[in-house]
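# Commentary on secondary and tertiary structure
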Amino acid sequence: MSRVLDDWNRTDTPAAQAAMLACCGATRWANAMVEARPLASIAALSESADRIWSTMEEKDWLEAFACHPRIGERKAQATGQSAAWSKQEQATAGSATDRVLSELAEGNAEYERRFGFTYIVCATGKSGEEMLAILKRRLNSERQAELREAAEQQRQIMQIRLGKWLTQ
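Residues numbered from 1 in each chain as written. Predicted model: local features only at pLDDT ≥ 70, side-chain atom pairs only at ≥ 80, totals over all residues. Heavy atoms only, no water.

Applying the stated criterion across every chain, the model contains 11 salt bridges. With a closest N to O distance of 2.8 Å, Lys-136 and Glu-103 form a salt bridge. Of the two residues, Lys-136 sits in helix 9 (residues 128-138) while Glu-103 sits in helix 8 (residues 98-115), which places them 33 residues apart along the sequence. A relative accessible area of 46% places Lys-136 in the partly exposed class. Glu-103 gets classed as partly exposed once you look at its relative accessible area, which sits at 22%. (Salt bridge = Lys/Arg side-chain N within 4 Å of Asp/Glu carboxyl O. Helix = DSSP H or I, 4+ residues; strand = E, 2+ residues; numbered from the N terminus. Buried < 20%, exposed > 50% of the residue type's maximum accessible area, 1.4 Å probe, protein only.)

Further remarks concern the packing of aromatic side chains. Inspection of the entire model under this criterion finds six aromatic pairs. Measuring from ring centre to ring centre gives 5.8 Å for Trp-8 and Trp-165, while their planes differ by 85 degrees; the resulting arrangement is edge-to-face. Highlighted residues: Trp-8 in helix 1 (residues 3-10) and Trp-165 in helix 10 (residues 143-166), separated in sequence by 157 residues. The class of Trp-8 is buried, set by a relative accessible area of 3%. Members of the aromatic cluster, each reached through a chain of ring pairs, are Phe-65, Tyr-111, Phe-115, Phe-117 and Tyr-119. (Phe/Tyr/Trp six-rings, centres within 6.5 Å; stacked < 30°, edge-to-face > 60°.)

What follows deals with the packing of helix 8 against helix 9. At a closest axis distance of 10 Å, the pairing of helix 8 and helix 9 adopts a crossing angle of 30 degrees. Taken together, the axis directions place helix 8 and helix 9 in an arrangement best described as roughly parallel. Classified by chirality, the crossing of helix 9 by helix 8 is left-handed. Residues Arg-99, Val-100, Glu-103, Leu-104, Gly-107, Asn-108, Tyr-111 and Phe-115 of helix 8 touch helix 9, and the partners they reach there are Gly-128, Glu-129, Met-131, Leu-132, Leu-135, Lys-136 and Arg-138. (Axes fitted to C-alpha atoms, helices over the stretch in contact; angles between N-to-C directions. Parallel < 35°, antiparallel > 145°, perpendicular 65-115°, else oblique. Left-handed = near helix turned anticlockwise from the far one by under 90°. Contact = heavy atoms within 4.5 Å.)

Moving on to the side chain of Thr-118. Note on placement: Thr-118 falls in the loop between helix 8 and helix 9. Setting aside chain neighbours within four positions, we find Thr-118 in contact with Phe-65, His-68, Arg-70, Tyr-111 and Glu-112.

Moving on, we come to helix 5 (residues 58-65). Along an α-helix, residues three or four positions apart point the same way, because every turn accommodates 3.6 residues. Residues Asp-60, Trp-61, Ala-64 and Phe-65 constitute the buried set of helix 5. Within helix 5, the buried residues cover an arc of 135 degrees as seen down the axis, which keeps them to one side. Turning to helix 5, the residues buried within the fold contact helix 3 (27-35), helix 4 (42-53) and helix 10. (Arc of directions from axis to C-beta.)

Quick look at the environment of Glu-73 now. Structurally, Glu-73 is set in the loop between helix 5 and helix 6 (80-89). In this structure Glu-73 comes out as partly exposed when scored by relative accessible area, which is 32%. Counting along the chain gives 32 residues from Glu-73 to Ala-105, while the straight-line C-alpha distance between them is 7.4 Å.

Further remarks concern unusual backbone geometry. Most peptide bonds take the trans configuration, and most residues that are not glycine carry a negative phi. Each neighbour pair has its own omega, and for Arg-37 with Pro-38 the value is 0 degrees, a cis peptide bond. Examined against the element boundaries, Pro-38 turns out to sit in the loop between helix 3 and helix 4.

Following the criterion strictly, the structure yields zero disulfides and no others. No disulfide involves Cys-23; its sulfur sits 8.4 Å from the nearest other cysteine sulfur, which is in Cys-24. For Cys-23, a relative accessible area of 0% gives the class buried. (Disulfide = S-S within 2.5 Å.)

All right, on to the nonpolar core then. Within the largest apolar cluster, 51 residues are counted, with the highest numbers of intra-cluster contacts made by Trp-8, Met-20, Trp-29, Leu-45, Trp-53, Leu-162 and Trp-165. Secondary-structure elements contributing two or more residues to this core are helix 1, helix 2 (13-23), helix 3, helix 4, helix 5, helix 8, helix 9 and helix 10. Looking at this core element by element, the count peaks at eight residues for helix 10. With sequence-adjacent residues up to four places away left out, Trp-29 is seen in contact with Met-20, Cys-23, Cys-24, Ala-49, Ile-52, Trp-53, Met-56, Met-158 and Leu-162. (Core = buried A, V, L, I, M, F, W, Y, C linked by side-chain atoms within 4.5 Å.)

Encoded structure:
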């Protein structure tokens, strides 16, 4: 077992919730993760995270999405560990050209008008150009399909962040 996971299994509820909220901003998900303690292994943590995420509803997804800065924004709206991880995850977007950043800003605004929530994509390893192409493609989706796609992207981000959390 990981030292971080072992410590988390034993820590008080508020500290355990804070650790999970840095990985995924959905309060109901974080609370359910804390209630699932103790988790015997990293695999059990990952499986529980996915199982619990699969029980979330639109309001939970929207709460998690709202914790992410817009793709390509120079200033993050999030704070703490979540903001640091977002900056890391979007590092390649930060080096995008002004044209790409401008198109991302326009696309983000259009996306939010169309769907009512922030464009979310698992940005790790993707260039600004790739994220812009994904955004343009996803703007053609129906809202329910897009909501499910965004929830899947959030799940991927959550799993990456759980991995980062375990190695701190």
